[in-house]
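Examining the three-dimensional arrangement
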Amino acid sequence: MSTIADNISQVRSRIHAAELAAQRAGHSVHLLAVSKTKPAPALREAYAAGLRDFGENYLQEALGKQAELTDLPLIWHFIGPIQSNKTRAIAEHFDWVHSVDRLKIAQRLSEQRPAELPPLNICIQVNVSGEASKSGCTPADLPALAEAISALPRLKLRGLMAIPEPTEDRAAQDAAFAAVQRLQASLDLPLDTLSMGMSHDLESAIAQGATWVRIGTALFGARDYS
Ligand SMILES: *Cc1c(COP(=O)(O)O)cnc(C)c1O
């Protein structure tokens, strides 16, 4: 059985090979460990092997793990769908939110971000697969949403996030991630972040400009939702 530390070194090798293949600088891609459904000791193991950034989808689950891991200087990223009644806790307990797809949620996060904390880092989730996914703003709505969010005082708009329809076809992966990169480039805003690529498609995402890959299964093994 492979350990989390072994998995981390394999994922790091994949990231490094993809950076080289794309003629990108080494360490230009950050690794976000997606720890949803995994218990606090698994995160502790990943921390011991060098990871600092953890992504969670479910608020209550994340708050429980944060309470168990207060002794570690972890950076917390919220990456799941957001209901209005969850924004206050997200604004108080996370450093990044990758899954903002409407203005109302962004306004609440800005209003509720505690004054003593730095601005909350934000990615706008954009839906580049059309009907296939319900989450994410449409490409047509993106420019106005990005302008409005970039004006909110307690948020720092960093870039875009996308979860294209899963496929093993490399050309289809490349096309979807390239569309996200083009959308980013079309915005007249100083953005430095493209959050895209998961366990099965990180190579394609890195080839198309990802700066964060969000990796769960390849680090922690398959998830058990039973
Ligand atoms: C679960 C999840 C991931 C990780 O997916 P894997 O295929 O397990 O690497 C990445 N991003 C988001 C938004 C997720 O919900």
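Above this text you will find the structure in question.
An account of the accompanying structure is given in this report. (Residues numbered from 1 in each chain as written. Predicted model: local features only at pLDDT ≥ 70, side-chain atom pairs only at ≥ 80, totals over all residues. Heavy atoms only, no water.)

**Some remarks on the environment of Trp76**
Tracing the sequence through the fold places Trp76 in strand β3 (residues 75-78). With 18 residues separating them in the primary sequence, Trp76 and Phe94 have C-alpha atoms 5.0 Å apart. Residues in contact with Trp76, not counting those within four places in the same chain, are Leu43, Phe54, Glu56, Lys65, Gln66, Leu69, His93, Phe94, Asp95 and Trp96. (Helix = DSSP H or I, 4+ residues; strand = E, 2+ residues; numbered from the N terminus. Contact = heavy atoms within 4.5 Å.)

**Focus: helix α2 (residues 40-48)**
An α-helical turn contains 3.6 residues, so a residue and the one three or four places further along point in the same direction. Buried residues of α2: Ala40, Ala42, Leu43, Ala46 and Tyr47, and no others. Looking straight down α2, one finds its buried side chains confined to an arc of 160°; they lie on one side. Summarising the geometry of α2, the exposed residues directed more than 90 degrees from the buried face are Pro41 and Ala48. Against α1 (4-21), β2 (53-56), α3 (59-68), β3 and α9 (217-220) lie the buried residues of α2. Once α2 finishes, Gly50 follows within two positions and takes phi at roughly 110°, a positive value. (Buried < 20%, exposed > 50% of the residue type's maximum accessible area, 1.4 Å probe, protein only. Arc of directions from axis to C-beta.)

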